[in-house]
Amino acid sequence: MTAALVAGQVVTVAEIDERERVLRAGNMASALPRPGTSEGRQLRRWLTQLVTAERVVALENVGAEHVPDIEDVLPDMAARLEIGSIAAAVLATEAGRAAFARVTAGVGVTDIDIVAYHRRNPGRFAARRTGVVDFARARPLIAAHLGAAARRRAFRLWLDARCAALVELAPGYEHPGDPRQPDNTHKH
């Protein structure tokens, strides 16, 4: 049976079953929802999103000269939350980080962005005691901070667009947030 197609290539239900089995055999098993429940089906939908995103990255990854370390791409929990669970999980793989390097190689920030950020957040990179830092010392820190956020955003947008273009989900394996699927709990 088919859970999804990625550029015409089949992602089988058996593959989703195996990913779920591995996850349930891990050290976080007690935190997972019970199989067969609404939340358990949502987990399977999430796993399908992950498998298809990994396939998209594999299809489109022509490699990169430098594969960044995970800590360079996702340095903290805020970065992981910012990029989303699927993109964060993809970036945990070497192929995902190679795609990240390739996709975001030309992403940067402008001097205008850096100056504006410093004006809005003058104490952001200051020592705790003084609460202030001069622009010359803050500039490279701000550039790195904004540049990293811009690269994460660019990668997430690229991954979302490529998945939208290449992935076709079978009934029962829709996106967990799709309001048309019966287990969606996000209501307005």
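Okay, so let's go over this structure. (Residues numbered from 1 in each chain as written. Predicted model: local features only at pLDDT ≥ 70, side-chain atom pairs only at ≥ 80, totals over all residues. Heavy atoms only, no water.)

## Observations concerning the overall build of the chain
- Counting its regular elements, the chain contains eight helices and three strands.
- Each helix and strand of the chain, placed in order from N terminus to C terminus, yields the pattern β-β-α-α-α-α-α-α-α-α-β.
- Viewed in the frame of its principal axes, the chain has a C-alpha envelope of about 60 × 35 × 35 Å.
- When the 188 residues of the chain are sorted by exposure, 35% land in the buried category.
- Here the analysis covers contacts within the chain between residues at least 6 apart in sequence; of these, 72% occur between residues at least 24 apart. (Helix = DSSP H or I, 4+ residues; strand = E, 2+ residues; numbered from the N terminus. Buried < 20%, exposed > 50% of the residue type's maximum accessible area, 1.4 Å probe, protein only. Contact = heavy atoms within 4.5 Å.)

## Some thoughts on the environment of Asp 183
- Following the sequence through the fold, Asp 183 ends up in the segment after strand E3 (167-169).
- Residue Asp 183 is classed as buried on the basis of its relative accessible area of 5%.
- In the structure, Asp 183 is positioned 143 residues away from Gly 40 in sequence and 9.6 Å away in space, judged by C-alpha atoms.
- Here the side chain of Asp 183 touches Ser 38 through a polar contact of 3.1 Å, side chain to side chain. (Polar contact = N/O pair within 3.5 Å; in protein donor to acceptor, adjacent residues only side chain to side chain.)

## A short note on the environment of His 145
- Looking at the secondary structure, you find His 145 in helix H8 (residues 135-166).
- His 145 has contacts with Tyr 117, Arg 124 and Phe 125, leaving out every residue within four places of it along the chain.

## Digging into the nonpolar core
- By size, the foremost hydrophobic cluster in this structure holds 33 residues, and its most contacted members are Leu 74, Val 90, Leu 91, Phe 155 and Leu 159.
- Only strand E1 (2-6), helix H1 (13-24), helix H2 (38-60), helix H3 (70-73), helix H4 (77-83), helix H5 (85-91), helix H6 (94-103) and H8 provide two or more residues apiece to this core.
- One finds Ile 114, Val 133, Ala 138 and Leu 146 within the second-largest nonpolar core, a separate group that totals seven residues. (Core = buried A, V, L, I, M, F, W, Y, C linked by side-chain atoms within 4.5 Å.)

## Overview of the sheet that holds strand E2 (residues 9-12)
- Taken in spatial order, the three strands line up as E2-E1-E3 in an open sheet, and their pairing is antiparallel. Looking along the sheet, the strands with just one partner apiece sit at the ends: E2 and E3. Here the average twist between neighbouring strands, direction ignored, is 25°.
- Across three bridges, E1 lies against E3 in antiparallel orientation. Within E3, the residue paired with Val 6 across the bridge is Val 167.
- Docked against the sheet, H1 engages E1 and E2, running at close to 45° with respect to E2. (Pairing = 2+ DSSP bridges. Axes fitted to C-alpha atoms, helices over the stretch in contact; angles between N-to-C directions.)

## Remarks on H1
- Taking 1.5 Å of rise per residue, the twelve residues of H1 would be expected to cover 16 Å, and the 16 Å separating its terminal C-alpha atoms lies within 8% of that figure.
- Among all positions in H1, only Val 13, Ile 16 and Glu 20 are buried. One side of H1 carries all its buried residues, which in axial view fall inside an arc of 60°.
- Looking at the buried side of H1, the elements it contacts are E1, E2 and H2. (Expected span 1.5 Å × (residues − 1). Arc of directions from axis to C-beta.)

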